[in-house]
Amino acid sequence: HKELICEPLLSPIDLSAALSSGQIEKVTVGGESGPHARVCDLSWILSLRQQCIAYQVPFSFKQTGACFRKNGRLYRVPRKEQHAQAKKSGLSFQPREHV
């Protein structure tokens, strides 16, 4: 089984080639935690999600990270809220055959 874990996600990534091979079974993404966390941008997460949808690969948005940028605005997310905020976003994706 092959899962790609892009955590911490620190830049945009194009996984199209890897996803199109059919060998990747899941992609998990999340931001970086801690007092010196680097930025994780929502647009990078959305791009990976769209790539996963295009190839029907399950996608999990695990956590926002401590320093999260959305629509150009920077948010400082407390550690205890990072997983909950990611879950609340509803961005995780499960293809029908994986449900």
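The sections below set out a description of the structure shown in this document. (Residues numbered from 1 in each chain as written. Predicted model: local features only at pLDDT ≥ 70, side-chain atom pairs only at ≥ 80, totals over all residues. Heavy atoms only, no water.)

## A word on the environment of Leu-10
Tracing the sequence through the fold places Leu-10 in the loop between β1 (3-6) and α1 (16-20). Taking relative accessible area as the criterion, Leu-10 reaches 32% and is therefore assigned partly exposed. In this structure, Leu-10 is in contact with Glu-32, Arg-38, Val-39 and Trp-44, ignoring residues within four places of it in sequence. (Helix = DSSP H or I, 4+ residues; strand = E, 2+ residues; numbered from the N terminus. Buried < 20%, exposed > 50% of the residue type's maximum accessible area, 1.4 Å probe, protein only. Contact = heavy atoms within 4.5 Å.)

## A short note on the sheet that holds strand β2 (residues 26-30)
Pairing in this open sheet of three strands is parallel, and the strands run β1-β2-β4 from one edge to the other. Sheet topology places β1 and β4 (59-63) at the edges, where each strand pairs with a single neighbour. Strand-to-strand twist across the sheet, computed as the mean angle between neighbouring axes with direction ignored, equals 15°. Relative to β2, β1 runs parallel, the two being bridged by four bridges. Residue pairing across strands places Leu-4 opposite Val-27, the latter belonging to β2. (Pairing = 2+ DSSP bridges. Axes fitted to C-alpha atoms, helices over the stretch in contact; angles between N-to-C directions.)

## Some remarks on the pairing of β4
Among the five residues of β4, four are classified as buried, and the element is accordingly described as predominantly covered. Note that β2 and β4 share four bridges and pair parallel. Counted as the bridge partner of Val-27 is Phe-59 from β4.

## A short note on the layout of surface pockets
In this structure, the largest pocket spans a volume of roughly 280 Å³. Residue lining of the largest pocket: 13 residues in total, with Thr-64, Phe-68, Lys-70, Tyr-75 and Gln-85 positioned closest to the centre. Where the lining of the largest pocket is concerned, the elements lending two or more residues are β5 (67-70) and α3 (79-89). A breakdown of the residues in the lining of the largest pocket according to their chemical character gives seven nonpolar, three polar and three charged. (1 Å grid on protein atoms, 1.4 Å probe; cavity = no way out; pocket = protein on both sides within 12 Å on 5 of 7 lines; lining within 4 Å. Points joined across faces, edges and corners; volume = space filled by probe spheres on them. Nonpolar A, V, L, I, M, F, W, Y, C, P; charged D, E, K, R; others polar.)

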